Amino acid sequence: MDKKLLIESGGVLRKPAAFKEEEGGRAKWSAPVWKLGEMNLNGRIYSLPLAEKLVEESPITLAYDGHDVDYMTGEEYGIAKAVCKNPRIEDGQLWVDIEFVDSEYEALLVTLMEKGIEIGVSSVGYGEQDPMSGIIIPESYELVRFLDFVVCPAGEVYLKMGERTRKEHRRRSAETVVKTDADKAMAGRRSKVARDLAKFFIRRDKE
């Protein structure tokens, strides 16, 4: 079985009602990466054993503004917006801490949130999926980035800034996930990537 690129939109950035300045005047951010043991809108299940594997390995990854930006610009470090680290399991979810390295981008997110805009987050990795259960096989998974900031979340988990607050959202179990929803979401992402890559190669040929 070949490993596939797995892109999972995790949730939406939300500014808490009470904002606390921490760590030398900078806000402390954290985010849930996956809801463990629940089928997401892409029809995949990330298990507790996989989360425990990442917690034990404790990798540190970059975070980009969108999944496709490195393909479009050819940059990797120059487009980094944040660093994600300290994975842990809380309330049935895999969480990470986020340290922004681009202060202007951090301020932009805060401003957008204050104006009511929801900021999505989404993980990137390679792995194999059990075709019967939908579970991502822990031994096969290779993390690329804990999260990027995206427009369309699919995993229904929520990132917090500053003081942790909890807002309950409608849970969607494996039984209630409609396969066509996942197909439409994936088709939309693939179409966007194809359009962006086509524009990139056309522009490069003209240079």
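Counting restarts for each chain, with residues numbered from 1 along the sequence as it is written. Local features in a predicted model are, by the rule used here, given only for residues with pLDDT of at least 70; side-chain atom pairs are given and counted only at 80 or more, and totals for whole chains, interfaces and linings are based on all residues. Each side-chain value is worked out from all heavy atoms of the structure, with water and hydrogens disregarded.

At S58, a residue that is not glycine, the phi angle is positive and equals roughly 50°. On the secondary structure map, S58 appears in the loop between helix 1 (48-57) and strand 3 (61-63). Of note, N86 is a non-glycine position whose phi angle comes to about 60°, a positive value. Runs of E in the DSSP output that reach at least two residues are strands. Runs of H or I that reach at least four are helices, and both are numbered from the N terminus. Among the secondary structure elements, N86 is positioned in strand 4 (residues 82-90). Since its relative accessible area comes to 38%, N86 is described here as partly exposed. Here's how the labels work: a residue is buried when its accessible area is under 20% of the maximum for its type, exposed when over 50%, partly exposed in between, all with a 1.4 Å probe on protein chains only.

This part covers the pattern of salt bridges. A pairing counts as a salt bridge when a side-chain nitrogen of Lys or Arg comes within 4 Å of a carboxyl oxygen of Asp or Glu. One pass over the structure, following the stated rule, counts 7 salt bridges. Note that K3 is salt-bridged to E142, the shortest N-O span being 2.5 Å. Of the two residues, K3 is situated in the segment before strand 1 (4-14) and E142 in strand 7 (residues 142-150); the sequence distance between them amounts to 139 residues. Under the relative-accessibility criterion, K3 is labelled partly exposed at 36%. On the accessibility criterion, E142 (43% relative accessible area) is partly exposed. When the shortest N-O distance is used, the salt bridge between D102 and K81 registers 3.2 Å. Remark: K81 occurs in the loop between helix 2 (69-73) and strand 4 and D102 occurs in the loop between strand 5 (93-100) and helix 3 (103-114); sequence separation between them is 21 residues. If you follow the salt bridges from partner to partner, you end up with R88, E90 and D97 in one network.

These results come straight from atomic positions and should not be treated as a statement about function.
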